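# Architecture and fold: a report
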Amino acid sequence: MPASSVVPGANGFGRRSTAADVTAGLDLGGRTILVTGCSSGLGLETMRVLCDRGARVLGAARTMEKAAAVCAELPLASPLACDLSSPSSVRAAVAAVQRMNVTLDAIIANAGVMAPARLQQVLGYELQFFTNHVGHHHLVTRLLDRLSSTGRVVMLTSSAHRRAPPQGIQFENLSGERGYSPWTAYGQSKLANLLFAKQLASRFREPGQTANAVHPGVIRTNLQRHLGAALRAVCVAVDPVFFKTIAEGAATQCYAAVHPTAATLRGEYLVDCKVARPSKRAQDAVLAAKLWDVTEHILAQMG
Ligand SMILES: NC(=O)c1ccc[n+]([C@@H]2O[C@H](COP(=O)([O-])OP(=O)(O)OC[C@H]3O[C@@H](n4cnc5c(N)ncnc54)[C@H](OP(=O)(O)O)[C@@H]3O)[C@@H](O)[C@H]2O)c1
């Protein structure tokens, strides 16, 4: 599928494009890209395809064992331990990247956890908010000095960001103890990913640096591990019609991270490799700025 235009939406890619399609013909030799959640699903496919095109990929997984197991299959991949629900693990991952002395051409914040049935907490915060948002905010912001002058940050969000609470982020209930709904909490964390991308894009002073957020589509992956058996069975039944394959699901994040026509996008929400309109809350710059400040405050408390 040719990329014939710099106009977003006219790039020739769509719902059925795969990560291999959107990177076809690109020589990523010399580029270094960090991918979180490389141990399964979209992260694994993203890492595989980017390595195929010549990029060096720092593959981050919850443990070094998990990262090393998948990176061992790919000569251009280097494993990195990074448990996003553990500030000390994130700090160690940042220190490891600093020691490597690399320049990052892209960071793909792909790892995520979805909709545990019951409230789970990390250090007093609801698990999804902490892992999907706080962990990635921590990792990405502490690596910005490593980002190249044309570096791109890609945040994995979801169309489920529309299921966030009406006020967007429940700052008074970040623990989840004042009420927990699995999907509302997932939606809140994915809205936070979108708001982070928007806020980061507005903070960049290098004109070539970008941050965008991506909804990959709906894909059957390990993300569904917390769904009940009945819902999983429905997913299997509708899979061929409604769902994307993993190869298709990884396309938009690869597009945003490396395709030349995505270089000019700033703080956008991408679906099927095209700019789309997110919820009204996701466009709220005041909310995005407040979330940034609250997250920094949380991290400061963690030492
Ligand atoms: N699949 C979909 O339909 C869909 C739709 C919209 C958005 N998304 C988003 O796409 C991204 C990738 O999801 P996926 O479908 O590829 O799911 P997946 O196969 O479950 O992959 C998620 C990855 O995140 C990792 N992860 C979870 N908690 C972590 C932690 N505390 N520290 C470090 N890594 C952690 C997982 O590692 P472990 O295996 O060790 O847990 C796994 O490698 C997620 O951000 C998700 O929200 C997916």
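Since we're looking at a predicted model, the values are computed, not measured. Each chain has its residues counted from 1, following the order in which its sequence is written. In keeping with the predicted nature of the model, local features appear solely for residues at pLDDT of at least 70, side-chain atom pairs appear and are counted solely at 80 or more, and the whole-chain, interface and lining totals rest on all residues. Only hydrogens and water are set aside; all other atoms, that is, all heavy atoms of the structure, feed into the side-chain values.

## Focus on the site of the ligand
Filter applied, for reference: Here a residue is near a molecule or strand as soon as one of its heavy atoms is found within 4 Å of it. Two N or O atoms count as a polar contact when they lie within 3.5 Å, although within protein this holds only if one can serve as hydrogen donor and the other as acceptor, and sequence-adjacent residues are included solely when both atoms are side-chain atoms. Note that accessible areas follow from Shrake-Rupley with a 1.4 Å probe, and for residues the cover is restricted to the protein chains shown. Residue polarity follows a fixed list, in which Ala, Val, Leu, Ile, Met, Phe, Trp, Tyr, Cys and Pro are nonpolar, Asp, Glu, Lys and Arg are charged, and the others, Gly among them, are polar.
In the vicinity of the ligand there are 29 residues, among which Ser39, Arg62, Lys66, Tyr186 and Thr221 approach most closely. Contact distances for the ligand include 2.6 Å between an oxygen atom and a side-chain N or O atom of Arg62. Notes on the ligand: free accessible area 890 Å², of which the protein chains cover 96%. Looking at the shell around the ligand residue by residue, the classes come out as ten nonpolar, 14 polar and five charged.

## Section: the sheet that holds strand E7 (residues 147–156)
Formally: Strands qualify as paired when DSSP identifies two bridges or more between them. Helix numbers and strand numbers start at the N terminus; a helix is a DSSP run of H or I with at least 4 residues, a strand a run of E with at least 2. In this analysis, axes come from line fits to C-alpha atoms, helices being fitted only over the stretch in contact, and the angle between any two N-to-C directions falls in the range 0 to 180 degrees. Should any heavy atoms of two residues lie within 4.5 Å, those residues are considered in contact.
Read across the sheet, eight strands follow the order E3-E2-E1-E4-E7-E8-E9-E10 without closing on themselves; strand pairing throughout is mixed. The strands lining the two open edges of the sheet, one partner per strand, are strand E3 (77–81) and strand E10 (274–276). Across the sheet, the mean angle from the axis of one strand to that of its neighbour is 25°, orientation sign disregarded. Bridge analysis of E7 against strand E8 (residues 210–215) gives five bridges, and the strand direction is parallel. In the sheet register, Val154 faces E8, and the bridge partner there is Asn212. Relative to E3, helix H4 (residues 87–100) is tilted by about 145°, and along the sheet it contacts strand E1 (32–36), strand E2 (56–61), E3 and strand E4 (104–109). Set on the sheet, helix H9 (residues 251–258) makes contact with E1, E4, E7, E8 and strand E9 (269–271); between it and E7 the angle comes to about 160°.

## Quick notes on the pairing of E3
Our working definition: Place the viewer so that the strands point away; then a crossover is right-handed whenever the path from the first strand over the helix to the second strand goes clockwise.
Note that E2 and E3 share five bridges and pair parallel. Counterpart to Val57 in the pairing with E3 is Ala77. The parallel pair E2 and E3, bridged by helix H3 (residues 64–71), forms a crossover whose chirality is right-handed.

## Notes on the pattern of salt bridges
Any two side chains of opposite charge can pair if their charged atoms end up close together. Rules: The salt bridge criterion pairs a side-chain nitrogen of Lys or Arg with a carboxyl oxygen of Asp or Glu, the two atoms within 4 Å. Relative accessibility decides the category of a residue: with a 1.4 Å probe and only protein chains considered, values under 20% of the type maximum give buried, values over 50% give exposed, and everything between is partly exposed.
In the structure shown here, the tally under the stated rule is five salt bridges. Between Glu296 and Arg142 there is a salt bridge; the shortest N-O distance is 2.8 Å. Of this pair, Glu296 sits in helix H10 (residues 285–301) while Arg142 sits in the loop between helix H5 (127–141) and E7; the two residues are 154 residues apart in sequence, bridging distant segments of the chain. Asp272 is the partner of Lys244 in a salt bridge, and the nearest nitrogen-oxygen pair spans 2.7 Å. Residue Lys244 is found in the loop between helix H7 (229–242) and helix H8 (246–249), and its partner Asp272 is found in the loop between E9 and E10; the two are separated by 28 residues along the sequence. Given the relative accessible area of 18%, Asp272 is considered buried.

## Some details on the nonpolar core
To keep things clear, this is the line we draw: We define a nonpolar core as any set of buried Ala, Val, Leu, Ile, Met, Phe, Trp, Tyr and Cys residues linked to one another through side-chain atoms lying within 4.5 Å.
Counting 52 residues, the largest nonpolar core has Leu34, Leu104, Leu139 and Ile169 as its most contacted members. If one sorts the elements of this core by residue count, helix H6 (residues 182–203) sits on top with eight residues. Leu139 has contacts with Leu34, Thr36, Cys82, Leu84, Val90, Ala93 and Val94, leaving out every residue within four places of it along the chain. Counting residues in hydrophobic clusters, the runner-up holds 36 residues, among them Cys71, Tyr255, Ala256 and Ala257.

## Some remarks on the pairing of E7
Along E7, eight of the ten residues are buried, which leaves the element largely enclosed by surrounding structure. When E4 meets E7, the two strands line up parallel, connected through five bridges. Within E7, the position partnered with Ile107 by the bridge is Val153.

## Describing the packing of aromatic side chains
Put simply, the test is: Each aromatic pair joins two rings of Phe, Tyr and Trp (for Trp, the six-membered one) with centres within 6.5 Å, and gets the label stacked for planes under 30 degrees apart, edge-to-face for over 60, and tilted for any other angle.
Taken as a whole and judged by the stated rule, the model has four aromatic pairs. Note on Trp183 and Tyr186: the rings are 5.9 Å apart at their centroids and 90° apart in plane angle, and the pair reads as edge-to-face. Linking Trp183 with Tyr186, this pair stays in helix H6, spanning three residues, or about one helical turn. On the basis of relative accessibility, which here comes to 5%, the residue Tyr186 falls in the buried class. Ring centres of Phe196 and Trp292 lie 5.4 Å apart, and the angle between their planes is 10°; on these two criteria the pair is classed as stacked. Highlighted residues: Phe196 in helix H6 and Trp292 in helix H10, separated in sequence by 96 residues. Since its relative accessible area comes to 9%, Trp292 is described here as buried.

## Notes on the environment of Cys254
Looking at the element boundaries, Cys254 is found in helix H9. When the C-alpha atoms of Cys254 and Cys273 are compared, they prove to be 9.1 Å apart, with 19 residues separating the residues in sequence. Apart from the residues within four sequence positions on either side, Cys254 is in contact with Ala19, Val22, Thr23, Thr46, Leu50 and His259.

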